[in-house]
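Residue-level structure breakdown
For reference, the chains in residue letters:
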Amino acid sequence: MDEFQNEIITCEVVRDLIPLVCDGVASPDSERLVSMHTEHCQECRQMLESSDMPHKSAEIQQPDDKKILAYIRRRYIVFVCLIMMLGAMSGVLFTGTEFIFQNFLIMPIVGALSYICFKSKGAAMAVIVFIITALRGFLECESGMAWFGVIYGLLVLVGVAIAALLKFAFGKNKK
């Protein structure tokens, strides 16, 4: 029976399977066939023993999923923070122009983005918007800007509340 198997399993087939066996990706049947053939074939046995594949001895390193996810999360937070700050700055700059009413859209979006990034700490964005508005008023010597800062801060808090309510309403049930 061994002669019959050696005739069916040619050296060319075994030599094609040897790299797979060395990599550890061959099926158990393929490994068995290579093993049976190399018991009787000196050339294939030498090839199997001398195959110095670089990945035979070195273990293939798998990427660290936690590091990749942390990197993606950091990039996401930086991107959202950039958009949030640009929105807050443009909203404050719209004060005193014909685009002032755009702040009724911009500031709640800024608040929602701050909640998405920082959860309950996102409410601090209201204070940041107030400070930015107050600084602009101080630099331009306008005394009424503090009221705009309060209004903008409240609009940011409305956005935070809306985002929190949406997360609560559409959040996953944790069981």
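Use the structure listed above.
Residues numbered from 1 in each chain as written. Predicted model: local features only at pLDDT ≥ 70, side-chain atom pairs only at ≥ 80, totals over all residues. Heavy atoms only, no water.

Tallying secondary structure elements over the protein chain gives 9 helices and 0 strands in all. When the helices and strands of the protein chain are listed from N to C terminus, the series reads α-α-α-α-α-α-α-α-α. In the protein chain, which comprises 175 residues, the proportion classed as buried is 29%. For the protein chain, contacts bridging at least 24 residues in sequence account for 66% of all contacts bridging at least 6. About 12,600 Å² of surface is accessible on the protein chain, with carbon and sulfur atoms providing 67% of the total. (Helix = DSSP H or I, 4+ residues; strand = E, 2+ residues; numbered from the N terminus. Buried < 20%, exposed > 50% of the residue type's maximum accessible area, 1.4 Å probe, protein only. Contact = heavy atoms within 4.5 Å. Areas by Shrake-Rupley, 256 points an atom, 1.4 Å probe, with all protein chains shown as cover.)

Here helix H9 (residues 145–170) spans 37 Å end to end across 26 residues, near enough to the 38 Å set by a 1.5 Å rise per residue. Among the residues making up H9, those that are buried are Met145, Gly149, Tyr152, Gly153, Leu155, Val156, Gly159, Val160 and Ala163. Residues of H9 that are buried make contact with helix H6 (65–93), helix H7 (103–118) and helix H8 (124–139). (Expected span 1.5 Å × (residues − 1).)

This part is about the packing of H8 against H9. It is the contact of H8 with H9, at a shortest axis distance of 8 Å, that shows an interaxial angle of 160 degrees. Relative to H9, the element H8 lies roughly antiparallel. Taken as a pair, H8 and H9 cross one another with a handedness that is right-handed. Residues Met125, Ala126, Val129, Phe130, Thr133, Arg136 and Gly137 of H8 pack against Met145, Ala146, Phe148, Gly149, Val150, Tyr152, Gly153, Val156 and Leu157 of H9. Taken together, the residues of the contact of H8 with H9 break down into 11 nonpolar, 4 polar and 1 charged. (Axes fitted to C-alpha atoms, helices over the stretch in contact; angles between N-to-C directions. Parallel < 35°, antiparallel > 145°, perpendicular 65-115°, else oblique. Left-handed = near helix turned anticlockwise from the far one by under 90°. Nonpolar A, V, L, I, M, F, W, Y, C, P; charged D, E, K, R; others polar.)

Right, let's talk about helix H3 (residues 28–40) for a bit. Over its 13 residues, H3 runs 19 Å from end to end, which matches the ideal 18 Å to within 8%, given 1.5 Å per residue. Listed as buried for H3 are Ser30, Val34, His37 and Thr38. What you see down the axis of H3 is that its buried residues fit within an arc of 95 degrees, all on one side. Every exposed residue of H3 that faces more than 90 degrees away from the buried side is listed here: Pro28 and Glu39. (Arc of directions from axis to C-beta.)

Right, let's talk about unusual backbone geometry for a bit. Phi is positive for Lys119, close to 55 degrees, though the residue is something other than glycine. Among the secondary structure elements, Lys119 is positioned in the loop between H7 and H8. Phi is positive for Cys141, which is not a glycine, with a value near 55 degrees. Position of Cys141 among the secondary structure elements: in the loop between H8 and H9. By relative accessible area, which is 73% here, Cys141 ends up exposed.

So, to be careful, I would describe these as geometric facts and stop short of saying anything about function.
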